[in-house]
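Listed here are the chains, written in short residue letters.
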Amino acid sequence: MTLRHATLRQLQVFEAVARNLSFARAAGELHLTQPAVSMQVKSLEGQAGLPLFERIGKKIFLTEAGAELHRHSRAIAQQLREADEALAARKGMAQGRLHIAMVSTAQYLVPPLLAVFLKKHPGVTLKLWAGNRELVLKQLADNEVDFAIMGRPPQRMDAVAEAFARHPHVVIAAPGHPLAKKRHIPLARLAEETFLIREPGSGTRGLLERLFAEHGLPLNVSMEMASNETIKQAVQAGMGISLLSLHTIGLELKTRRLAILDVQGLPIVRDWYVVRLAAKRLSPVAQAFRTFLLAEARKLIPEK
């Protein structure tokens, strides 16, 4: 048995099933019937001479052989996309696919930037995904995206990170909190307060933990929450205080539902980075987005 005679269509179908771990979702994505997807996968398994998936209950999982083939099929799919975009560029076509993963905090500033970019490049098809830092790094490492947008570049990855905008973080509280009208609050005073924090793997959580650790202060955590929106609602309700990106609270500050605490040494100002794998060859569309971001983002993103 050999895969030499496997067709690109079979590999495309297999890659979709392996990525989604679902025949139904792969069928919907490829505009095929589920029996057609199953037939293509069964044919590919016949050529491989090994099962590529195993079913446990109602879920499917990749076998070791399937995981190995998925690595190759994913690379082939990426190369085909790059070839398609390169040929389109030679024809003078301002179109192509752009895949971006961003940390969840970036969802407050990236969509307006993308709106401007897409207006200038109406032929671009965008795939945008948001999650915590840990999951974004995985997508980047697996070469599933052109760029990752985050507040702290990866340390153990061969990647290129370029700063494109400033990224301030502040401590927030309900307007009626006892510290809301205080000035020059020592950081040590915050150690007496209850903090609401993001889940493990969040960049914002990591920043807060490093800040307290650097000053040798205990961090009093009462609750972990998986989204900035939930944290904002909880802070408004008086359940505690939190450290959040200034970009996430613009509406709440305007409507006076949240207050920024005047803490000594804050805000913590970092940068937003656009990150790509060092070995990745950028498509014309991806290069156009990078150029746009580095040239225009600071003008379009308010820092205060």
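Residues numbered from 1 in each chain as written. Predicted model: local features only at pLDDT ≥ 70, side-chain atom pairs only at ≥ 80, totals over all residues. Heavy atoms only, no water.

1. Brief notes about the overall build of the chain
Then, in step 1: A count of helical and extended segments in the chain gives 11 helices and 11 strands.
Then, in step 2: Along the three orthogonal principal directions, the C-alpha set of the chain runs to about 75 × 50 × 35 Å.
Then, in step 3: Taking all 304 residues of the chain together, the buried fraction comes to 45%.
Then, in step 4: Across the chain, contacts joining residues at least 24 apart in sequence account for 74% of those joining residues at least 6 apart.
Then, in step 5: Once the 41 positive and 27 negative side-chain charges of the chain are each reduced to a mean point, those two points are 5 Å apart. (Helix = DSSP H or I, 4+ residues; strand = E, 2+ residues; numbered from the N terminus. Buried < 20%, exposed > 50% of the residue type's maximum accessible area, 1.4 Å probe, protein only. Contact = heavy atoms within 4.5 Å. Lys, Arg positive; Asp, Glu negative; His and termini not counted. Charge placed at Lys NZ, Arg CZ, Asp CG, Glu CD.)

2. Things to note about the pattern of salt bridges
Then, in step 1: One pass over the structure, following the stated rule, counts 17 salt bridges.
Then, in step 2: Here Glu162 ties to Arg276 by a salt bridge, and the two come within 3.1 Å at their closest N and O atoms. With Glu162 in strand β6 (residues 159-173) and Arg276 in strand β11 (residues 268-277), the pair connects residues that are 114 residues apart, well separated along the chain. Each member of the pair, Glu162 as well as Arg276, carries the same accessibility label: buried.
Then, in step 3: Among the charged side chains, a salt-bridge network with shared partners connects Glu15, Arg19 and Glu29. (Salt bridge = Lys/Arg side-chain N within 4 Å of Asp/Glu carboxyl O.)

3. What about the nonpolar core?
Nonpolar side chains in soluble globular proteins tend to be buried together.
Then, in step 1: Residues Leu98, Ala106, Ile149, Phe164, Trp272, Phe289 and Leu293 are the most contacted members of the largest nonpolar core, which totals 35 residues.
Then, in step 2: Of all the secondary structure elements, the ones that give two or more residues to this core are β3 (95-103), α5 (110-120), α6 (133-141), β5 (147-150), β6, β11 and α11 (284-300).
Then, in step 3: Look past the residues within four positions of Phe289 in its chain and what remains in contact with it is Leu98, Ile100, Leu114, Phe117 and Phe147.
Then, in step 4: In this structure, Val171, Ile185, Phe195 and Leu243 belong to the second largest nonpolar core, which totals 21 residues. (Core = buried A, V, L, I, M, F, W, Y, C linked by side-chain atoms within 4.5 Å.)

4. A word on the packing of aromatic side chains
Then, in step 1: One pass over the structure, following the stated rule, counts 7 aromatic pairs.
Then, in step 2: With a centroid separation of 5.4 Å and 80° between ring planes, the pair formed by Phe195 and Phe212 is classed as edge-to-face. Of this pair, Phe195 sits in strand β7 (residues 195-198) while Phe212 sits in helix α8 (residues 203-214); the two residues are 17 residues apart in sequence, bridging distant segments of the chain.
Then, in step 3: Classification of Phe212 as buried rests on a relative accessible area of 2%. (Phe/Tyr/Trp six-rings, centres within 6.5 Å; stacked < 30°, edge-to-face > 60°.)

Scope: geometric values only; no functional claims are made or implied.
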